[in-house]
Amino acid sequence: MKRNMETVRRSVILLMSIAALMLVSCERAPKGDEAKIAEKEEAVVPTGQAFVVDTARSYVKFTGHGVGKNHPGTFKLNYGAVAVDKDSLSGGTFVINIKSMQMEQKGADITTKLKPHLLSGDFFDAEKFGTAAFEITNVVPYKPKDAERSLVEGANFYISGNLTLKGVTKNVSFPAHVDLDGHSLKAKSNFDIDRRQWQMNYGNDKTLGDKFISETVNIELYLEARREEGNT
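Quantities reported herein were computed from a predicted structural model and do not represent experimental measurements.

(A) Molecular detail of the overall build of the protein. Broken down by element type, the protein carries two helices and eleven strands. Helices and strands appear in the protein in the N-to-C order α-β-β-β-β-β-β-α-β-β-β-β-β. For the protein, with 232 residues in total, the buried portion stands at 38%. A separation of at least 24 residues holds for 65% of the contacts in the protein among residues at least 6 apart in sequence. Surface summary for the protein: the accessible area is close to 13800 Å², and the carbon and sulfur share equals 54%.

Right, here's the structure in full:
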């Protein structure tokens, strides 16, 4: 009897340990490539074929995180166009709909508290700045050293562009994986930015304890585009 009780006790402890590990894993902040952030640069003049972004299939995902919690959400694009010249990107412009924000987590606190707070002036200030924009300024082949290899599988381009958010424009550079053929384009990237560069400072004070919100925000971009009709 004692042996059976000890077996049960060990099984319970094992299950609790597994559950704790799963919980920690779920709460761990996602990791992306470290984006380079600089001052605004001149945009390139696109050349070659125009590809129009499929706004129904493309999205921008963000994940903010605090102490022991992550809050992922997505934005839709209002518009996007990419220029392709000789199997490389030569330019592009994207308009992000801030008011389209959807949170992945569900529940009353998310709907009535978190989402409205993120859309308020403490963060995105959606009433005043309903859209954000990204305009490509430079694209080069991605040729990293082993120690700097991108977390994006198959990354083949290093893209720089002006990100305008809340009326502030900064140049952001990051690796991306881009699939190109004569008729379609798919692109993805995963990188981290410092939200304070765009005047989002709320909660970034470590004296707040478990109310602390990290300055680091993870961004995942996914784009699908097709060659514009009339282009050859």
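Here the narrative resumes.
(B) Structural context of the packing of aromatic side chains. Tallied over the full model, the rule gives nine aromatic pairs. In this structure an aromatic cluster arises from ring pairing among Phe94, Phe134, Phe174 and Phe191.

(C) Up close: the environment of Phe94. Its location among the elements puts Phe94 in strand β6 (residues 89-103). Taking the C-alpha atoms as reference points, Phe94 and Ile136, separated by 42 residues in sequence, lie 8.9 Å from one another. If we skip the residues at most four places from it in the chain, Phe94 touches Val53, Leu77, Tyr79, Gly80, Ala81, Val82, Ala132, Ala133, Phe134, Ile136 and Leu223.

(D) Main features of the confidence of the model for the protein. The predicted model of the protein has a mean per-residue pLDDT of 87, with 86% of residues at 70 or higher. Residue range residues 12-26 is modelled with pLDDT below 50. Its contacts to residues more than four positions away, or to other chains, number one contact.

(E) Geometry of the environment of Ala176. Residue position: Ala176 is located in strand β9 (residues 168-180). Separated by 143 residues in the primary sequence, Ala176 and Asp33 place their C-alpha atoms 9.8 Å from one another. Setting aside its immediate chain neighbours within four residues, Ala176 contacts Ala155, Asn156, Phe157, Ile159, Lys188 and Ser189.

(F) Focus on the pairing of strand β7 (residues 131-141). Sheet topology places β6 next to β7; five bridges connect them, and they run antiparallel. Note on β7: the bridge partner recorded for Val95 is Ala133. Sheet analysis places β7 next to strand β8 (residues 157-165), joined by eight bridges and oriented antiparallel. Counted as the bridge partner of Val140 is Tyr158 from β8.

(G) View of unusual backbone geometry. In the Ramachandran plot, Lys166 falls in the positive-phi region, its phi being about 55° despite a non-glycine side chain. Following the sequence through the fold, Lys166 ends up in the loop between β8 and β9. The backbone of Gln199 sits at a positive phi, close to 60°, despite the residue not being glycine. Turning to its location among the elements, Gln199 is positioned in the loop between β10 (184-194) and β11 (216-227).

(H) Geometry of the nonpolar core. Counting residues in each nonpolar core, the largest one holds 44 residues, and the members touching the most others are Ile159 and Leu185. The leading source of residues in this core is β6, at six residues. The contacts of Leu185, once residues within four sequence positions are left out, are Phe51, Val82, Val84, Leu89, Val178, Asp179, Leu180, Leu223, Glu224 and Ala225.

(I) Summary view of the pattern of salt bridges. Applying the stated criterion across every chain yields a total of five salt bridges. A salt bridge links Glu224 to Arg57; the shortest N-O distance between them is 2.8 Å. In this pair, Glu224 is assigned in strand β11 and Arg57 in the loop between β3 (49-53) and β4 (59-66), connecting sequence segments 167 residues apart. For Asp109, the salt bridge identified is with Lys113, shortest N-O distance 3.8 Å. One end of the pair is Asp109 and the other is Lys113, both in helix α2 (residues 108-119) and four residues apart, which spans about a single turn.

What counts as what
Residues numbered from 1 in each chain as written. Predicted model: local features only at pLDDT ≥ 70, side-chain atom pairs only at ≥ 80, totals over all residues. Heavy atoms only, no water. Helix = DSSP H or I, 4+ residues; strand = E, 2+ residues; numbered from the N terminus. Buried < 20%, exposed > 50% of the residue type's maximum accessible area, 1.4 Å probe, protein only. Contact = heavy atoms within 4.5 Å. Areas by Shrake-Rupley, 256 points an atom, 1.4 Å probe, with all protein chains shown as cover. Phe/Tyr/Trp six-rings, centres within 6.5 Å; stacked < 30°, edge-to-face > 60°. pLDDT = per-residue confidence, 0-100. Pairing = 2+ DSSP bridges. Core = buried A, V, L, I, M, F, W, Y, C linked by side-chain atoms within 4.5 Å. Salt bridge = Lys/Arg side-chain N within 4 Å of Asp/Glu carboxyl O.

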